[in-house]
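Chain by chain, the residues run as shown.
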Amino acid sequence: MGVFLLKQVFSDNVNYIQILDENGVIDESLRPKEIDDKELVEMYKKMFLARQYDAKQLSLQRQGRAVTYAPLIGEEATQIGSAMAMRPNDMFVPAFRQHGVYITRGMPLETLFIYWRGYEEGDAVPKDVRGYSNIVPVSTQMPHAVGIAYAQKYKKNDVAVISYIGDGGTSEGDFYEALNFAGVFKVPLVSIIENNQWAISVPREKQSAAPTLAQKAIAAGIRGVQVDGNDVLAVYEATREAIENAKNGPTVIECITYRLSIHTTADDPTKYRTDSEVEAWKQRDPLLRVKKYLMAKQLWGEDLEQKAASENAKLLDEAVEKAEQFKPDPKTMFTNVYSYMPRVLQDELDAAEDNNYWQGE
Amino acid sequence: MQANMVTAINNALELGMRENEDVILLGEDIAKDGGVFRVTEGLLDKFGEERVIDTPLAESGIIGTSIGMAIAGLHPVPEIQFAGFMFLSFSQLVNHAARYRSRSRSNYPVPMVVRTPVSGGVKTLEHHSESPEVYYSHMGGLIVVEPSNPYDAKGLMLKALHMQDPVIFLEPTKLYRLTKLDIPEDSYEVPIGKANIIGTGDDLSVITYGTMVPIAKSVIEKRKLNADIIDLRTINPFDEEAILESARKTGRVVILHEASLTFGPGAEIAARIAEKAVFDLKAPIVRVASNSLPYPFPGYEKYHIPNELKLSQAIDRVLTA
């Protein structure tokens, strides 16, 4: 080891941010100035809606009314905190679990339900949502986020791009390539790592020997910070500051959160993790601490929660009803492949229509 | 203007960039160095480093970033230095370039032209001589083109730059500087999805593209045959009409390509002819292709790629059957 200690050429560190602790106490010196108590109630309502949406989607799947679903429960603060920090024109690039981001950015709920019924029409994100489609192959959305951010810089738009990836995703090559490109190009990218401790069955410590995932930014020459991902104020403030700084270059924000439920509806976590671990994380529930704070201030109570629950239920039921009325048209599979209809594809479409293949079993 | 394929593509890129400021070039060594084959030479000086970008060395990053640019409204033209290295970006191409339009129901098309040098015959190191066209043709969603001459190269590039689709633009290394042609100085398009029928004859049809076009021409000329040489130009979605029309007319078909025989483009073309024109055939279809094995080191490549003798014997077989 001797020669390794001769001369230090580089050092850096990773800081940790928490503003609202598990007991519902806010460090007022760090509190984002835009988030007064009234705004915090709004944040809570969004997280509450996301959780209720999640339960609805899960129940639809269990009833055979939706395809495989990836629940978000436990990760509401990371998703809603970062989404609420986005300015109206900022854009986001999700992986496949960011339903809370979509909801906060105004994605019609029925569109989400259509996606999880298994139709591309549910992935056709309306332009005004300022977000992109769900990306299933892990980490492959990261280079896209760099390119989207490059386009904003090139067009001199004051727009930051907020991307999402899980802890497992940070092991992929595309993650490193994307951060490296982002550093070299100095693009306005905010890369949120939604570290929920589990990549299906593989725990965080088996994903990387690095003590933090935020430090992966350092190798790319960009800023990295770690926040309590169950603290909606910390996530908000870190994201807001990264967006404010985006014109100077990218930031990585590692949000320490927890996947309270299954990876997807095809997963059984009892095979690989203990109930006591899950119970411990339930004490750090991202909604619970906001509720504690708001109740102590008498800004929230069980009556308001009941009222919110029934309002949400109505919204969700209406959206499900609309989504279930959606009539898929197999022809759209053919008409959305190219900007024109190639003859060879037209022939396949004609054959299907002329011979009623779609009526067959 | 007199142009070989390198200068023709360079000229097309310059015109495309002048027409549309959303066109951006990116890749390894493409800016200052002008690309290892000099295809992008001079464009950095003309358009600046925001539009002609030397990227870090990472193929998936290059293609993934380009896809991001495309779905954000730019029209990127990434270069992958050699087709053998493009497999590192295969995930991005098949999972995203090919699918983003479809998954977003056309909200987010992917206007992009991926340039890469392909095929062999120039004695390069391992991984510099691949003919990967079928990989990009199979899943749908990508357009795969391969010019065989400077005129088509310029016109296909400009056409690709005018489309809102991901186009895989394969440039045969061997043909880069093989011939010079007089081509129009202004912008023009060569249609995508349309074959070029060179020569017209009743004896036989030779269906080919890319590096094999000069070989087909040479054999047909030397043997003074009346043949249709069909230069596909677009591998996918291909010009089935032109293929069937010629097959029905001549009844004798040779399919010639540098990609390997097994599951090669010839398999698809032969199957289409078999399905739709078999009763017009006077002889079994013959395919001439490289061997069904990994592309060899340069010392062995002349035993691998189809040559004039192999084509000539195949022609004998279809003419005498």
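Residues numbered from 1 in each chain as written. Chains lettered and ligands numbered in written order. Predicted model: local features only at pLDDT ≥ 70, side-chain atom pairs only at ≥ 80, totals over all residues. Heavy atoms only, no water.

**Student:** Help me understand the nonpolar core, please; the structure alone is not making it clear to me.
**Tutor:** A general tendency of soluble globular proteins is for nonpolar side chains to be buried together. Counting residues in each nonpolar core, the largest one holds 77 residues, and the members touching the most others are Tyr132 and Tyr150 of chain A together with Leu93, Ile168, Ile207 and Ile273 of chain B. Ranked by residue count, the leading element in this core is helix H5 (residues 141-154) of chain A, at 8 residues. Contact partners of Tyr132 of chain A, with chain neighbours within four places excluded, come to Met91, Phe92, Val93, Pro94, Tyr102, Val125 and Ile148 of chain A together with Ile71, Ala72, Tyr100 and Tyr108 of chain B. Grouped together as the second largest cluster of nonpolar side chains are 67 residues, Val41, Leu72, Tyr236 and Tyr293 of chain A included. (Core = buried A, V, L, I, M, F, W, Y, C linked by side-chain atoms within 4.5 Å. Buried < 20%, exposed > 50% of the residue type's maximum accessible area, 1.4 Å probe, protein only. Helix = DSSP H or I, 4+ residues; strand = E, 2+ residues; numbered from the N terminus. Contact = heavy atoms within 4.5 Å.)

**Student:** Explain the packing of aromatic side chains here, please?
**Tutor:** Remark: the centre distance and the inter-plane angle together describe each pair of aromatic rings, the angle taken between the planes. Counted according to the given criterion, the structure contains 26 aromatic pairs over all chains. For the ring pair Phe90 of chain B and Tyr135 of chain B, a centre distance of 6.4 Å and an interplane angle of 85° mean the geometry is edge-to-face. Separated by 45 residues along the polypeptide, Phe90 of chain B in helix H4 (residues 90-97) and Tyr135 of chain B in helix H6 (residues 133-137) bring together distant segments of the chain. We classify Tyr135 of chain B as partly exposed; its relative accessible area is 44%. An aromatic cluster is built from Tyr53, Tyr69, Phe113, Tyr115 and Trp116 of chain A, whose rings are joined through pairwise contacts. Taking the ring centre of Trp281 of chain A as reference, the NZ or CZ of Arg284 of chain A above it sits at 4.0 Å. (Phe/Tyr/Trp six-rings, centres within 6.5 Å; stacked < 30°, edge-to-face > 60°. Lys NZ or Arg CZ within 6 Å of the ring centre and 35° of its normal.)

**Student:** I'm lost on the interface of chain A and chain B in this one. Help?
**Tutor:** Accessible area lost when the parts come together is the quantity often used to give the size of an interface. Each partner contributes residues to the interface: chain A has 44 residues there, and chain B has 52 residues. Of all residues in chain A, Tyr154, Phe181 and Tyr338 of chain A bury the most surface against chain B, accounting for 17% of the area lost on that side. Inspection of the region where chain A meets chain B yields 5 salt bridges. For Glu121 of chain A, the salt bridge goes to Arg105 of chain B, with nearest N and O atoms at 3.1 Å. On inspection of chain A and its partner chain B, the count reaches 22 residue pairs in polar contact (both at pLDDT 80 or more). Elements with a contribution of two residues or more to the side of chain A that touches chain B: H5, helix H6 (173-185), helix H13 (331-335) and helix H14 (343-354) of chain A. Residue contributions to the side of chain A that touches chain B peak at 9 residues, all from H5 of chain A. (Buried area = accessible area lost by both parts, 1.4 Å probe. Salt bridge = Lys/Arg side-chain N within 4 Å of Asp/Glu carboxyl O. Polar contact = N/O pair within 3.5 Å; in protein donor to acceptor, adjacent residues only side chain to side chain.)

**Student:** Which parts of the structure should I look at to understand the environment of Asp165 of chain B?
**Tutor:** For Asp165 of chain B, the position within the fold is in the loop between helix H7 (150-161) and strand S7 (166-172). Its relative accessible area of 0% is what places Asp165 of chain B among the buried residues. Along the sequence, Asp165 of chain B and Ala97 of chain B sit 68 residues apart, while their C-alpha atoms lie 8.7 Å from each other. Not counting residues up to four positions away in its chain, the partners in contact with Asp165 of chain B are Tyr338, Ser339 and Tyr340 of chain A together with Arg101, Val110, Pro111, Met112 and Ile143 of chain B.

**Student:** Even after reading the chapter, I still don't get the pattern of salt bridges, so can you show me in this structure?
**Tutor:** One side chain can pair with another of opposite charge once the charged atoms of both are near each other. Residues and elements named next belong to chain A. Under the defined criterion, the tally for this structure stands at 43 salt bridges over all chains. As a salt-bridge pair, Asp37 and Lys297 come within 3.3 Å of each other at their nearest N and O atoms. Remark: Lys297 occurs in the loop between helix H11 (286-296) and helix H12 (302-325) and Asp37 occurs in helix H1 (residues 37-62); sequence separation between them is 260 residues. A residue is classified by how much of its surface remains accessible, and Lys297, at 46% relative accessible area, is partly exposed.

**Student:** Just checking my understanding: could you explain the packing of helix H4 (residues 109-117) of chain A against H12 of chain A for this structure?
**Tutor:** For any two helices packed against each other, the geometry is given by the interaxial angle and the distance between the axes. Residue and element names in this part refer to chain A. Put simply, H4 and H12 touch, their axes get as near as 8 Å, and they point 50° apart. Taken together, the axes of H4 and H12 lie oblique to each other. Helix-helix and strand crossings are classified by hand; for H4 and H12 the assignment is right-handed. The segment H4 lies against H12, with Leu109, Glu110, Phe113, Ile114 and Arg117 engaging Leu315, Leu316, Ala319, Val320, Lys322, Ala323 and Glu324. Class assignment for the residues of the contact of H4 with H12 results in 8 nonpolar, no polar and 4 charged. (Axes fitted to C-alpha atoms, helices over the stretch in contact; angles between N-to-C directions. Parallel < 35°, antiparallel > 145°, perpendicular 65-115°, else oblique. Left-handed = near helix turned anticlockwise from the far one by under 90°. Nonpolar A, V, L, I, M, F, W, Y, C, P; charged D, E, K, R; others polar.)

**Student:** Hey, could you run me through the packing of H5 of chain A against helix H3 (residues 59-71) of chain B in this one?
**Tutor:** Following both chains from N to C, one finds H5 of chain A and H3 of chain B inclined at 50°, their axes separated by 6 Å at the closest point. It follows that H5 of chain A is oblique to H3 of chain B by the angle criterion. Two packed elements cross with a definite hand, and for H5 of chain A against H3 of chain B that hand is right-handed. Between H5 of chain A, through Pro143, His144, Val146, Gly147, Ile148 and Tyr150 of chain A, and H3 of chain B, the contact on the second element is made entirely by Ser60, Gly61, Gly64, Thr65, Ile67, Gly68, Met69 and Ile71 of chain B. Of the residues in the contact of H5 of chain A with H3 of chain B, the class split is 7 nonpolar, 7 polar and no charged.

**Student:** In this structure, what is going on with the sheet that holds strand S9 (residues 196-198) of chain B? I would like to understand it.
**Tutor:** Whether parallel or antiparallel, the strands of a sheet pair through hydrogen bonds between backbone atoms. All names here are of chain B. Taken in spatial order, the 5 strands line up as S9-S11-S10-S13-S14 in an open sheet, and their pairing is mixed. Bordering the open sheet on either side are S9 and strand S14 (286-290), each of which pairs with just one other strand. Strand after strand, the sheet turns through a mean of 20° between neighbouring axes, direction not considered. Sheet topology note: the strand S10 (residues 204-208)/strand S13 (residues 253-260) ladder contains 3 bridges and is parallel. Of the residues in S13, the one forming a bridge with Ser205 is Val253. In this fold helix H9 (residues 240-250) packs onto S9, S10, strand S11 (227-231) and S13, with an angle of close to 165° to the strand it touches most, S11. (Pairing = 2+ DSSP bridges.)

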